[in-house]
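The chain contents come next:
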Amino acid sequence: AARSSGTPSWSMPMLGFRSGGQIEAQSCGSTGPVSLTGPAPPLGAWTHVALTYSSTNRFRLWINGSQFAASSSSFITSTPDAPLTITLGASPVGAA
């Protein structure tokens, strides 16, 4: 998120993995970063991961159809229609 006078001026949700292999979703609200951590998915099995947001229902992380985590309070994002891009493996930056 870009900051202007200490408050975010825009935000974009991100979904990835923590160093321990757990699923992590992040965004930024009017009070700062919002982070949700899920489980480490099992190896050799499909895991369905979904991230939802609404100003009334908050930021939610779903694992295999069940809500796993939710932000503690609602927040406003200025990019509600921005697509969520997920990169698994190496970053495409600098790739040939």
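Higher on the page you've got the structure.
Residues numbered from 1 in each chain as written. Predicted model: local features only at pLDDT ≥ 70, side-chain atom pairs only at ≥ 80, totals over all residues. Heavy atoms only, no water.

Turning our attention to the nonpolar core. Leu 15, Ile 23, Ala 25, Val 34, Leu 36, Leu 51, Phe 59, Leu 61, Ile 63 and Ala 69 form the largest nonpolar core, which has 10 residues in total. The dominant element in this core, judged by the number of residues it contributes, is strand 7 (residues 58-63), at 3 residues. (Core = buried A, V, L, I, M, F, W, Y, C linked by side-chain atoms within 4.5 Å. Buried < 20%, exposed > 50% of the residue type's maximum accessible area, 1.4 Å probe, protein only. Helix = DSSP H or I, 4+ residues; strand = E, 2+ residues; numbered from the N terminus.)

Bridge count for strand 7 against strand 8 (residues 66-70) is 4 bridges, and the pairing is antiparallel. Pairing of Ile 63 across the sheet is with Ser 66, part of strand 8. Linking strand 7 back to strand 8 in an antiparallel pair, the connection comprises 2 residues, with Asn 64 at a positive phi of about 50°. (Pairing = 2+ DSSP bridges.)

What follows deals with the environment of Glu 24. Looking at the element boundaries, Glu 24 is found in strand 4 (residues 23-29). Since its relative accessible area comes to 14%, Glu 24 is described here as buried. Taking the C-alpha atoms as reference, Glu 24 lies 4.5 Å from Thr 37; in sequence the two are 13 residues apart. If sequence neighbours within four positions are ignored, Glu 24 has contacts with Met 14, Leu 15, Gly 16, Phe 17, Arg 18, Ser 35, Leu 36 and Thr 37. Polar side-chain contacts of Glu 24 include one of 2.7 Å to the side chain of Ser 35. (Contact = heavy atoms within 4.5 Å. Polar contact = N/O pair within 3.5 Å; in protein donor to acceptor, adjacent residues only side chain to side chain.)

Attention now moves to the environment of Trp 62. For Trp 62, the position within the fold is in strand 7. Looking at Trp 62, the relative accessible area reads 23%, which means it is partly exposed. Note: C-alpha distance between Trp 62 and Val 49 (13 residues apart in sequence) is 5.8 Å. Those residues in contact with Trp 62, other than ones at most four positions away along the chain, are His 48, Val 49, Ala 50, Thr 52, Gln 67 and Phe 68. Of note is the side chain of Trp 62, whose polar atom sits 3.0 Å from the side chain of Thr 52.

These figures capture arrangement, not role.
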